[in-house]
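What follows is the residue order along each chain.
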Amino acid sequence: MSKVTYTIAVDGLTYQHDPNSSPSLSDISLHLPPGSRTIIVGANGAGKSTLLQILAGKRLVKDADIRINGRDVFRDSPPGVTFLGTEWAVNPVVRGDIIVSSFLDSVGGYRHKERRDQLLDILDVDLDWHMHAISDGERRRVQLCMGLMAPWNVLLLDEVTVDLDVLVRDELLKFIQNDSDTRGATILYATHIFDGLNSFPTHIAHMRLGSFLMEPTPWPFSLPQIPEGVTLYHTALHWLKEDREHRYQLEGQGRKSRGARRNQSVPTDSETFYKKYDYAH
């Protein structure tokens, strides 16, 4: 059994979306101490979102030990876990004609007035906005206010800052970093935006094709191929280039390839069809 000294403890996690497909996650182990802030680096399809959804209890796994604060995430749901993902802003439920102030009160905003008001200022939210009439970026700000206004012990972030401008994003990261520092709260954050993040994480992890190439490791660090003092942005860039080269090698060994199909001597059916009925020329 995992020790409670780790806020997040995962052992032997393998997961398949489809029983007939290759695993999306393979033999994942993860052990994060209280107050840690871990950035997961990995290309699209590396398994980052799937891992975060499992930790949030949104995908059922039967044969792995997955615990938060010593409690099984499926059989004994731990309190104080907040998951914020990108799918929220396109949910029809939050696109109804409801005023933001009423919406936040409906999810308990009145119970957390001080934090709610601080987040409203940071995220530059207009309480008179109508949820159906605002942009996805503005709706994202409301989501973040809703998700963060109640104090959390574990925060799972899946690329939710993608819609924010650089000023709002910077001030929001300072807010959640302060939460982590002052309350010992733990953050696991999957992102593709590394500018301005150099001083945010305590740990960095690298995922490729459903596995950890490097489990969460204290940051900053130096590796033989990554000199000391290199920024998180350049570290991520180096890893992602390696990931792409690895994928090219697999494609050379028969894995389905991506990108343009330049060596096709016979046109596809769709090309033949649309070329026949192309009236643009």
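On a predicted model such as this, the values are computed, not experimentally measured, just so you know. (Residues numbered from 1 in each chain as written. Predicted model: local features only at pLDDT ≥ 70, side-chain atom pairs only at ≥ 80, totals over all residues. Heavy atoms only, no water.)

**Quick look at the domain arrangement of the chain**
Under the domain assignment used here, the chain contains domain 1 (1-80 + 152-241) and domain 2 (91-150). With centres defined by C-alpha atoms, the gap from domain 1 to domain 2 works out at 26 Å. Taken together, the contact pairs 13 residues of domain 1 with 13 residues of domain 2. Summing both partners gives a buried area of about 1,200 Å² for domain 1 against domain 2, and 66% of it is carried by carbon and sulfur. At the junction of domain 1 with domain 2, the criterion picks out three salt bridges. (Domains from an automatic or database assignment. Contact = heavy atoms within 4.5 Å. Buried area = accessible area lost by both parts, 1.4 Å probe. Salt bridge = Lys/Arg side-chain N within 4 Å of Asp/Glu carboxyl O.)

**Points about the nonpolar core**
Counting residues in hydrophobic clusters, the biggest one holds 45 residues, and the most contacted among them are Val142, Leu148 and Ile176. Counting only elements with at least two residues in this core, the list comes to strand 3 (37-41), helix 2 (100-106), helix 3 (113-123), helix 4 (136-148), strand 7 (154-158), helix 5 (166-183), strand 8 (186-190) and helix 6 (232-252). With five residues, the top contributor of residues to this core is helix 5. Here this core spans two domains, and each of domain 1 (1-80 + 152-241) and domain 2 (91-150) adds at least three residues to it. By size, the runner-up hydrophobic cluster in this structure holds 27 residues, among which are Leu30, Val73, Leu156 and Ala190. (Core = buried A, V, L, I, M, F, W, Y, C linked by side-chain atoms within 4.5 Å. Buried < 20%, exposed > 50% of the residue type's maximum accessible area, 1.4 Å probe, protein only. Helix = DSSP H or I, 4+ residues; strand = E, 2+ residues; numbered from the N terminus.)

**Quick notes on the environment of Thr186**
Turning to its location among the elements, Thr186 is positioned in strand 8. For the pair formed by Thr186 and Thr7, sequence separation is 179 residues and the distance between their alpha carbons is 7.2 Å. Contacts of Thr186, omitting those with residues within four sequence positions, involve Thr7, Ile8, Leu32, Pro33, Pro34, Gly35, Ser36, Trp152, Asn153, Val154 and Leu155. Reaching out from Thr186, the side chain makes a polar contact with the side chain of Thr7 at a distance of 3.3 Å. Among the polar contacts made by the side chain of Thr186, one reaches the main-chain carbonyl oxygen of Pro33 at a distance of 3.5 Å. (Polar contact = N/O pair within 3.5 Å; in protein donor to acceptor, adjacent residues only side chain to side chain.)

**Quick notes on the sheet that holds strand 5 (residues 71-72)**
With respect to topology, four strands assemble into an open sheet ordered 2-1-4-5, the strand pairing being antiparallel. Each having just a single partner strand, strand 2 (25-32) and strand 5 make up the two edges of the open sheet. Inspection of the sheet shows strand 4 (residues 65-68) paired to strand 5 by two bridges, in the antiparallel sense. By the bridge assignment for strand 5, Arg67 is matched with Asp72. (Pairing = 2+ DSSP bridges.)

**Quick look at the pattern of salt bridges**
Across all of its chains, the model carries 14 salt bridges by this definition. Notably, a salt bridge pairs Asp163 with Arg140, separated by 2.9 Å at the nearest N-O pair. A residue pair is termed long-range when its members are at least 10 positions apart, and Asp163 in the loop between strand 7 and helix 5 and Arg140 in helix 4 qualify at 23 residues. Assessed through its relative accessible area of 32%, Asp163 is described here as partly exposed.

**Topic: helix 3**
Three or more residues of helix 3 are buried, namely Arg115, Arg116, Leu119, Leu120, Ile122 and Leu123. The arc that holds the buried residues of helix 3, viewed along the axis, is 165°, so those residues lie on one side. Facing away from the buried surface of helix 3 by more than 90 degrees, the exposed residues are Glu114 and Asp121. The elements touched by buried residues of helix 3 are helix 2, helix 4 and helix 5. (Arc of directions from axis to C-beta.)

**As for the environment of Thr231**
Relative to the elements of secondary structure, Thr231 occurs in the loop between strand 10 (211-218) and helix 6. Here Thr231 falls in the partly exposed class, since its relative accessible area comes to 31%. Thr231 sits 34 residues away from Leu197 along the chain, and the two C-alpha atoms are 9.0 Å apart. Setting aside its immediate chain neighbours within four residues, Thr231 contacts Asn198 and Trp219.

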